[in-house]
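Coordinate analysis (summary)
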Amino acid sequence: MKTITVRYFAGFRENAGLDEETVSLDVATAADLFRELSDRHGSTEPLGHCKVAVNEEMVDWDAELNDGDTVLLFPPVAGG
Amino acid sequence: MRITDVTIVPEQLREELTDRAAGAYVGFEGWIRDHNEGQEVLRLEYEVYRPLATTEGEKVIAEARDKFPILHAECVHREGLLEIGECAVWVGVTSAHRDEAFAACRYIIDQVKVRLPIWKKEHYVDGHSGWVSCERCAEHAHDHPA
């Protein structure tokens, strides 16, 4: 089990009804975490449209997670 | 790359890019329009995760410098609530000749739209609102393989 702090933005925050939560989950990668939390919060946004950062760095979805990491989950971006 | 919650004034920003070696300046302004996907838009709200929007924007500008022989490039993006007609994003590029300034400006705005952690919520005339997903921007970005 890993203890991970998750921060939600924009539509993810509204969907989850939370800015942030700390979860203990048996997950290896950022993609695993995304799938677990999508189920938990009933989100249907495809992973391929979203982005993720771990400890303030943008990473690929196959990035390994470590105990104590902070993960930022970004729904589809739309600047400009 | 800068994120701001005050009005963008392109005439002031372009002054920062002046250079005696520059023969061309290309500026792009993205404005808030009154409609999207068949709906009448009243105003727009930008949410920005500043730390990573800034670092990712700096990366985009550095990539533009690597790809095109330009002199200076800068990008400023708004956050918060914007009204119709306001400037949401500005990109300015200077170079010796126009071709590279156009190309670099296009590269920067296309990448900024699909890579920076920025989200926009449209507030419609009929009272509802929704987060925008920018699929068309993603298609444009494919014109510039990394």
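Described in the following lines is the structure provided in the data block. (Residues numbered from 1 in each chain as written. Chains lettered and ligands numbered in written order. Predicted model: local features only at pLDDT ≥ 70, side-chain atom pairs only at ≥ 80, totals over all residues.)

1. Here we look at the overall build of chain B
Definition in use: Secondary structure elements are defined from DSSP: runs of H or I of at least 4 residues count as helices, runs of E of at least 2 residues count as strands, and each element is numbered from the N terminus. Computation of the radius of gyration draws on C-alpha atoms alone. For the globule rule, the value is 2.2 Å times the number of residues to the power 0.38. Using C-beta atoms placed from the backbone, we call a residue buried if 20 or more other C-beta atoms fall within 10 Å of its own, exposed if 12 or fewer do, and partly exposed for counts in between.
Looking only at helices and strands, chain B has 4 helices and 9 strands in total. The order of α-helices and β-strands along chain B, N terminus first, is β-α-β-β-β-α-β-β-β-α-β-β-α. Taking 2.2 N^0.38 as the reference for a compact globule, 146 residues should give roughly 15 Å; the C-alpha atoms of chain B span a radius of gyration of 16 Å, in line with that estimate. Residues classed as buried in chain B amount to 35% of the 146 residues present.

2. Regarding the environment of His41(A)
All names here are of chain A. Inclusion rule: Any residue pair is listed as a contact if its two C-beta atoms, each placed from the backbone, are within 7 Å.
In this structure, histidine 41 sits in helix H2 (residues 30-41). Among the residues examined, histidine 41 registers 14 C-beta atoms within 10 Å and is labelled partly exposed. Along the primary structure histidine 41 and alanine 30 are separated by 11 residues, whereas in three dimensions their C-alpha atoms are 16 Å apart. Once residues lying within four places of it in the same chain are set aside, the contact partners of histidine 41 are Asn15 and Ala16.

3. A word on the interface of chain B and chain A
Put simply, the rule reads: Under the grouping applied here, Gly and all other residues not named as nonpolar or charged are polar, the nonpolar ones being Ala, Val, Leu, Ile, Met, Phe, Trp, Tyr, Cys and Pro and the charged ones Asp, Glu, Lys and Arg.
Contact residues are listed per partner, giving 23 residues for chain B and 15 residues for chain A. Among the elements of the structure, helix H2 (50-67), strand E7 (87-95), helix H3 (98-115) and strand E8 (118-124) of chain B are those that each provide at least two residues to the side of chain B that touches chain A. The element contributing the most residues to the side of chain B that touches chain A is H3(B), with 4 residues. Residues belonging to the side of chain B that touches chain A are distributed by class as follows: 16 nonpolar, 3 polar and 4 charged.

4. Concerning the sheet that holds strand E4 (residues 57-59) of chain A
Neighbouring strands of a sheet are bound in pairs by backbone hydrogen bonds; such pairs are parallel or else antiparallel. All names here are of chain A. Heads up, the rule is: In this analysis, strands are considered paired if DSSP registers two or more bridges between them. Geometry is summarised by axes, namely lines fitted to C-alpha atoms with helices restricted to the contacting stretch, and by angles between N-to-C directions that run from 0 to 180 degrees.
The 5 strands lie next to each other as E2-E1-E5-E3-E4, forming an open sheet whose pairing is mixed. This sheet does not close on itself; its edge strands, each paired only once, are strand E2 (20-25) and E4. Each neighbouring strand pair of the sheet contributes to a mean axis angle of 35°, computed without reference to strand direction. Sheet topology places strand E1 (residues 2-8) next to strand E5 (residues 70-74); 4 bridges connect them, and they run parallel. Within the sheet, the bridge partner assigned to threonine 5 lies in E5 and is threonine 70.

5. Quick word on the packing of H2(B) against H3(B)
Residues and elements named next belong to chain B. To keep it simple, the criterion reads: Here the angle decides the label: under 35 degrees means roughly parallel, over 145 means roughly antiparallel, 65 to 115 means roughly perpendicular, and every other value means oblique. Throughout, a crossing is termed right-handed when the near helix is turned clockwise from the far one, and left-handed when it is turned anticlockwise from it by less than a right angle.
It is the contact of H2 with H3, at a shortest axis distance of 9 Å, that shows an interaxial angle of 150°. Taken as axis vectors, H2 and H3 run roughly antiparallel relative to one another. Helix-helix and strand crossings are classified by hand; for H2 and H3 the assignment is right-handed. Where H2 abuts H3, its residues Glu56, Gly57, Val60, Ile61, Ala64 and Lys67 lie against Ala104, Tyr107, Ile108, Gln111, Val112 and Arg115. Grouping the amino acids of the contact of H2 with H3 by side-chain chemistry returns 7 nonpolar, 2 polar and 3 charged.

6. Observations concerning H3(B)
Cut-off, in case you're wondering: One less than the residue count of a helix, multiplied by 1.5 Å, gives the span that helix is expected to have.
For H3(B), spanning 18 residues, the distance from its first C-alpha to its last is 26 Å, which sits close to the expected 26 Å at 1.5 Å a residue. Buried within H3(B) are the following residues: Glu100(B), Ala101(B), Ala104(B), Cys105(B), Tyr107(B), Ile108(B), Ile109(B), Asp110(B), Gln111(B), Val112(B), Lys113(B) and Val114(B).

7. Some words on the environment of Val132(B)
Structurally, the position occupied by Val132(B) is in the loop between strand E9 (129-131) and helix H4 (135-141). Taking the C-alpha atoms as reference points, Val132(B) and Trp119(B), 13 residues apart in sequence, are found 7.2 Å from one another. In contact with Val132(B), not counting residues within four places along its chain, are Ala78(A), Lys120(B) and Glu122(B).

8. Considerations on the sheet that holds strand E1 (residues 2-4) of chain B
All names here are of chain B. If you walk across this open sheet you meet the 4 strands as E1-E5-E7-E2, and the pairing is mixed. Each edge of the open sheet is held by one strand with a lone partner, namely E1 and strand E2 (24-31). This sheet shows a mean twist of 15° between the axes of neighbouring strands, independent of strand direction. Looking at chain direction, E1 and strand E5 (residues 72-78) are connected through 3 bridges and run parallel. If you follow threonine 4 over to E5, its bridge partner there is arginine 78. Against the sheet, H3 touches E2, E5 and E7, its axis set at about 150° to E7.

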